[in-house]
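Spelled out, the chains give:
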Amino acid sequence: MAHALIFTGQQMAAQFKQFSPSDIEELKEIHCASSCLKATCSQLVVQGIEMCRLACGGHGYSQSCGIARLYARSASVEIVEGENHVLWLQCARYLVKCVGMVKAGQSSLPAGVQYLQAWLTCDESISVLNNSHLIKDVSTLLKAFQCRAARLVSSAFHELSSQFSQGLSQPEAWNSSHAWLIRAAKAHGEYLIVRGFADILNKPMASSLKEVLHKEVLLYALWRIEQCSGDFLETITLTPSTLQDIHSLVSELLTDLRPEAVRIVDAFSHHDATLRSTLGSYDGDVYRRLFEWAKNSPLNKQQVTDGYYKHLRGLLKAKL
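What counts, and at which threshold
Residues numbered from 1 in each chain as written. Predicted model: local features only at pLDDT ≥ 70, side-chain atom pairs only at ≥ 80, totals over all residues. Heavy atoms only, no water. Helix = DSSP H or I, 4+ residues; strand = E, 2+ residues; numbered from the N terminus. Rg over C-alpha atoms; globule rule 2.2 N^0.38 Å. Buried < 20%, exposed > 50% of the residue type's maximum accessible area, 1.4 Å probe, protein only. Contact = heavy atoms within 4.5 Å. Areas by Shrake-Rupley, 256 points an atom, 1.4 Å probe, with all protein chains shown as cover. pLDDT = per-residue confidence, 0-100. Patch = residues over 30% accessible without salt bridge, like charges linked within 9 Å, V, L, I, M, F, W, Y side chains within 5 Å. Salt bridge = Lys/Arg side-chain N within 4 Å of Asp/Glu carboxyl O. Core = buried A, V, L, I, M, F, W, Y, C linked by side-chain atoms within 4.5 Å. Axes fitted to C-alpha atoms, helices over the stretch in contact; angles between N-to-C directions. Parallel < 35°, antiparallel > 145°, perpendicular 65-115°, else oblique. 1 Å grid on protein atoms, 1.4 Å probe; cavity = no way out; pocket = protein on both sides within 12 Å on 5 of 7 lines; lining within 4 Å. Points joined across faces, edges and corners; volume = space filled by probe spheres on them. Left-handed = near helix turned anticlockwise from the far one by under 90°. Nonpolar A, V, L, I, M, F, W, Y, C, P; charged D, E, K, R; others polar. Expected span 1.5 Å × (residues − 1).

**Student:** Lay out the overall build of the protein with the relevant residues and their values.
**Tutor:** Of the regular secondary structure elements, the protein holds 15 helices and zero strands. What you see for the protein is a C-alpha radius of gyration of 25 Å, clearly larger than the 20 Å of a compact globule of 320 residues, by over 25%. For the protein, the spread of C-alpha atoms along the three principal axes comes to 85 × 55 × 45 Å. When burial is assessed residue by residue, the protein has 41% of its 320 residues classed as buried. Put simply, of all contacts in the protein between residues at least 6 apart along the chain, 68% involve residues at least 24 apart. A total accessible area of about 17800 Å² is found for the protein, and carbon and sulfur atoms account for 58% of it.

**Student:** Mind laying out the confidence of the model for the protein, listing which residues take part and the relevant values?
**Tutor:** Across the protein, the average pLDDT comes to 86, with 98% of residues at 70 or higher. At the level of individual helices and strands, the protein shows its lowest average pLDDT in helix α13 (residues 272-275), which scores 78, and its highest in helix α8 (residues 178-199), which scores 93.

**Student:** Could you give an account of a nonpolar patch on the surface, naming the residues involved and the relevant values?
**Tutor:** Taken together, the side chains of V77, I79 and V80 present a nonpolar region at the surface, about 240 Å² in accessible area. Here I79 lies in the loop between α3 (67-75) and α4 (84-103).

**Student:** With reference to specific residues and values, describe the nonpolar core.
**Tutor:** When a protein is soluble and globular, its nonpolar side chains tend to lie buried together. With 79 residues, the main nonpolar core has L95, L116, L129, L181, I193, L222 and I225 as its most contacted residues. With 13 residues, the top contributor of residues to this core is helix α6 (residues 138-165). Beyond its immediate stretch of four places on either side in the chain, L95 contacts C32, V113, L116, V153, A184, A185 and H188.

**Student:** Any chance you could break down the pattern of salt bridges for me, citing the residues and the numbers?
**Tutor:** Counted according to the given criterion, the structure contains twelve salt bridges. Where R263 meets E260, a salt bridge forms, and the shortest distance between an N and an O atom there is 3.1 Å. Residue class for R263 comes out exposed when judged on its relative accessible area of 53%. Salt bridges sharing partners connect three or more residues here, namely D283, D285, R288 and R289.

**Student:** Just give me the short version of the environment of S64, but keep the residues and values in it.
**Tutor:** Relative to the helices and strands, S64 is located in the loop between α2 (24-55) and α3. In this structure S64 comes out as buried when scored by relative accessible area, which is 4%. Spatially, the C-alpha atom of S64 lies 5.7 Å from that of S277, the residues being 213 residues apart in sequence. Contact partners of S64, with chain neighbours within four places excluded, come to R276, S277, T278, L290 and W293.

**Student:** Could you give an account of the packing of helix α1 (residues 2-18) against α8, naming the residues involved and the relevant values?
**Tutor:** Put simply, α1 and α8 touch, their axes get as near as 8 Å, and they point 90 degrees apart. Between α1 and α8, the crossing angle belongs to the class labelled roughly perpendicular. Residues H3, A4, L5, F7, T8 and Q11 of α1 form the contact with α8, whose participating residues are L192, I193, R195, G196, F197 and D199.

**Student:** Just give me the short version of empty space enclosed by the protein, but keep the residues and values in it.
**Tutor:** The full count for this structure, using the stated rule, is one cavity of 30 Å³ or more. Taken as a whole, the largest cavity encloses approximately 50 Å³ of empty space. Lining the largest cavity are T8, Q11, M12, Q15, A33, L37, L192 and R195. Among the secondary structure elements, those contributing two or more residues to the lining of the largest cavity are α1, α2 and α8. In terms of residues, the lining of the largest cavity owes the most to one element, α1, which gives four residues.

**Student:** Can you tell me about the packing of helix α9 (residues 207-227) against helix α11 (residues 240-257), naming the residues and giving the values?
**Tutor:** At a minimum axis separation of 10 Å, α9 and α11 run at an interaxial angle of 145 degrees. When the axes of α9 and α11 are compared, the crossing they make is left-handed. Along the contact surface, α9 presents V212, K215, E216, L218, L219, L222, W223, I225 and E226, while α11 presents I246, H247, L249, V250, L253, L254, D256 and L257. Taken together, the residues of the contact of α9 with α11 break down into twelve nonpolar, one polar and four charged.

**Student:** I'd like to hear about unusual backbone geometry, residue by residue, with values.
**Tutor:** A positive phi is found at E81, a non-glycine position, where the angle reads about 55 degrees. Structurally, E81 can be placed in the loop between α3 and α4. The exposure class assigned to E81 is exposed, which follows from its relative accessible area of 75%.

**Student:** Which residues make up α6, and what are the values?
**Tutor:** Given a rise of 1.5 Å per residue, 28 residues ought to cover 40 Å, and the 41 Å separating the end C-alpha atoms of α6 matches this to within 8%. With 20 of 28 residues buried, α6 is to be regarded as a mostly interior element. G167, located one to two residues past α6, shows a positive phi value of around 95 degrees.

This is how it looks when you write it as structure tokens:
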């Protein structure tokens, strides 16, 4: 997941540098994408940290682990620089406007949302993941994310239209449709992340590195399909039998990538002094570090703490 977010961020930064300030339509699309990615990525980061904490068992809740400190520092990212739900709604506002423009006959949309036009004009409601071979094809997986996002954006547009037809004002209709709009924006964000991650495979690199990254892209995309399988089944981009194949392929990819896990993590070059973690140290000597950390705790400076003499000994020696 970390690589997916990093490469997507790099693609977003490159797009921002290249756009012309005079191109208002592209500026709107960049604002939509950046708002959506900030919200979606920050949510994934916080959820990922919590998954790591749980994977460490009881140690994950210890201060020595470092994850609690990392979580406390990262959780606020979902609020600062724009609360996530507000940003998703900003993104959704642009997306439903794009649907309206297509229905009004506009011939083209910015590159980042052109998939909406394809869905609305060509009836893209087809099963793109209908066999076990296609789930190993990155371009087909990307198509599935496009179809899912397009369906949810289209559904949000129709929900808004339905609210208007019932006589609700624009603010009332918008507030009543928040759940639909946020789902649509989240799906758009997922598509942008998969697109940004998959795009790295088109860059020149060593074949051994490309093989590992290709497996990472597949694993990330399939994991997200697993997590949101209901959306993909409703979009008819996925069949129940193919979903079973995805579960098997995810397990296979995890097995293939496990020998590379240490090298993948080391590639980030996080120093022990930065991590300050007994579990995440470079030498892997976890239990010695845990023991040393425990010895330095004020509670372990003496064999019997003062609390025993002040509070417990009298109760234990008392004659009842």
